[in-house]
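Structural characterization, general
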Amino acid sequence: MNTQLIKELQNIQGVKIVAVSKRRTKEQIDEAHRHGLNTFGENRVQEFLEKYDPKYSWHIIGHLQTNKVKYIIGKVDLIESLDSIKLAKEIEKQAAKQGLIQKVLVQIKISEDPNKTGLPYQDALPFIKELQSLKHIQVKGLMCVATHTEDMELVKEEFMKMNQLFQELKSKDPQIDTLSMGMSHDYKLAIECGSTMVRIGTALFE
Ligand SMILES: *Cc1c(COP(=O)(O)O)cnc(C)c1O
């Protein structure tokens, strides 16, 4: 456990830490909690359900299949990977059933990498507008995964584009307050570019 990094991140005002616990054991999660971490991110529903503990706050950060939504509503505080209307409608349906409002982030495909998922950048505004009619979904902001590259200029460009969109949304809607970007290898740059939430796995647990 990288306790130095935890302390460093906890000292940064306005940036929330999501400890990405995929492939980590329940024991590692409990240990992270003893070091002051309370929010955990999982990218697969099955694995999340195996490790779910209501003492902690959980985020889903990976591509989410519509047929899995029913298993996670009521257990996750934030779905960070909303990227289609079909998925939004299913979240709406399941949240309504449980009488709760599900907080979500819209995942934007900021990278050219064909393996990355998310909504095209230019679709974000009309998409978020469309979500307004879904009363059991609350959009808190945006999430992205930048291109995995040593070219930090490219990563910076992507983060700055995300921040620009985030600021635009925020100025129209005070409920929007979260820009989730930055992982183990690029969180410093992400924070410089306006990130309010970093999702870190490897650098914390190894
Ligand atoms: C795995 C993962 C992370 C964390 O990656 P690390 O490089 O281990 O910090 C962050 N976000 C998403 C969406 C992930 O799948």
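Just so it is clear, the structure is predicted and the values come from calculations on it, not from any experiment.

This part covers helix H5 (residues 85-97). Taking 1.5 Å per residue, 13 residues should reach 18 Å; H5 reaches 18 Å between its end C-alpha atoms and fits that length. Of the positions making up H5, those classed as buried are Leu87, Ala88, Glu90, Ile91, Glu92, Gln94 and Ala95. Positioned one or two residues after H5, glycine 99 has a phi angle of 65 degrees, which is positive.

In terms of nonpolar packing, the biggest core is built from 59 residues, with Val106, Ile108, Leu142, Phe159 and Leu204 touching the most fellow members. At 6 residues, helix H7 (residues 152-172) tops the list of elements feeding residues into this core. If near-sequence neighbours (up to four positions away) are discounted, leucine 142 is found in contact with Leu105, Val106, Ile108, Ile128, Met162, Leu165, Phe166, Leu169, Thr178, Leu179 and Ser180. Core analysis: the next-biggest nonpolar cluster, separate from the first, contains 5 residues, Val18, Leu105, Met143 and Met197 among them.

Attention now goes to the site of the ligand. The full set of residues close to the ligand is Val20, Lys22, Asn43, Ile61, Val145, Met183, Ser184, Arg199, Ile200, Gly201 and Thr202. Residue arginine 199 places a side-chain N or O atom 2.9 Å away from a nitrogen atom belonging to the ligand. Between an oxygen atom of the ligand and a main-chain N or O atom of glycine 201, the distance comes to 2.9 Å. The cavity where the ligand resides is the largest pocket. In terms of residue class, the shell around the ligand is made up of 5 nonpolar, 4 polar and 2 charged.

Turning to the side chain of glutamate 158, a few remarks are in order. Relative to the elements of secondary structure, glutamate 158 occurs in helix H7. At 8.1 Å, lysine 116 is the nearest oppositely charged side chain to glutamate 158, a buried residue that forms no salt bridge. Residues contacting glutamate 158, with those up to four places away along its chain left out, are Ile110, Ser111, Ala146 and Thr147.

Another point: the packing of helix H6 (residues 124-131) against H7. One can describe the packing of H6 onto H7 by two numbers: an axis separation of 11 Å at closest approach and a directional angle of 35 degrees. The chirality of how H6 crosses H7 is right-handed. Taken together, the residues of H7 that come into contact with H6 (itself represented by Ala124, Leu125 and Ile128) are Leu165, Glu168, Leu169 and Lys172. Tallied by class, residues from the contact of H6 with H7 come to 5 nonpolar, no polar and 2 charged.

Looking at the largest pocket, its volume works out to about 450 Å³. Lys22, Asn43, Ile61, Val145 and Met183 are the residues nearest the centre of the largest pocket, which is lined by 22 residues in total. The residue makeup of the lining of the largest pocket, split by class, is 6 nonpolar, 11 polar and 5 charged. Lining of the second largest pocket is provided by 16 residues; of these, Ile128, Gln132, Val139, Asp173 and Ile176 occupy positions nearest its centre. Of all the secondary structure elements, the ones that give two or more residues to the lining of the second largest pocket are H6, strand S7 (137-144) and H7. The element best represented in the lining of the second largest pocket is H6, accounting for 4 residues.

This part covers the side chain of glutamine 94. Within the secondary structure, glutamine 94 is located in helix H5. A distance of 2.8 Å separates polar atoms of two side chains, one belonging to glutamine 94 and the other to glutamate 90. Once residues within four sequence positions are removed from consideration, glutamine 94 is found in contact with Val69, Lys70 and Ile73.

Burial within strand S5 (residues 102-109) is extensive, with 6 of its 8 residues counted as buried. As paired elements, strand S4 (residues 78-82) and S5 share 3 bridges and run parallel to each other. Looking at the pairing, leucine 78 lines up with lysine 103 of S5. As a crossover connection, the stretch from S4 through H5 into S5 is right-handed. Looking at chain direction, S5 and S7 are connected through 7 bridges and run parallel.

So, about the environment of asparagine 67. As for its position among the elements, asparagine 67 is in the loop between strand S3 (57-60) and helix H4 (69-72). A relative accessible area of 46% places asparagine 67 in the partly exposed class. Once the C-alpha coordinates of asparagine 67 and lysine 116 are considered, the two residues, 49 residues apart in sequence, prove to be 21 Å apart.

Thresholds, definitions, all that
- Residues numbered from 1 in each chain as written.
- Predicted model: local features only at pLDDT ≥ 70, side-chain atom pairs only at ≥ 80, totals over all residues.
- Heavy atoms only, no water.
- Helix = DSSP H or I, 4+ residues; strand = E, 2+ residues; numbered from the N terminus.
- Expected span 1.5 Å × (residues − 1).
- Buried < 20%, exposed > 50% of the residue type's maximum accessible area, 1.4 Å probe, protein only.
- Core = buried A, V, L, I, M, F, W, Y, C linked by side-chain atoms within 4.5 Å.
- Contact = heavy atoms within 4.5 Å.
- Near = heavy atom within 4 Å.
- Polar contact = N/O pair within 3.5 Å; in protein donor to acceptor, adjacent residues only side chain to side chain.
- 1 Å grid on protein atoms, 1.4 Å probe; cavity = no way out; pocket = protein on both sides within 12 Å on 5 of 7 lines; lining within 4 Å.
- Sits in = over half its atoms within 2 Å of the grid points.
- Nonpolar A, V, L, I, M, F, W, Y, C, P; charged D, E, K, R; others polar.
- Lys, Arg positive; Asp, Glu negative; His and termini not counted.
- Salt bridge = Lys/Arg side-chain N within 4 Å of Asp/Glu carboxyl O.
- Axes fitted to C-alpha atoms, helices over the stretch in contact; angles between N-to-C directions.
- Left-handed = near helix turned anticlockwise from the far one by under 90°.
- Points joined across faces, edges and corners; volume = space filled by probe spheres on them.
- Pairing = 2+ DSSP bridges.
- Right-handed = clockwise from strand over helix to strand, strands pointing away.

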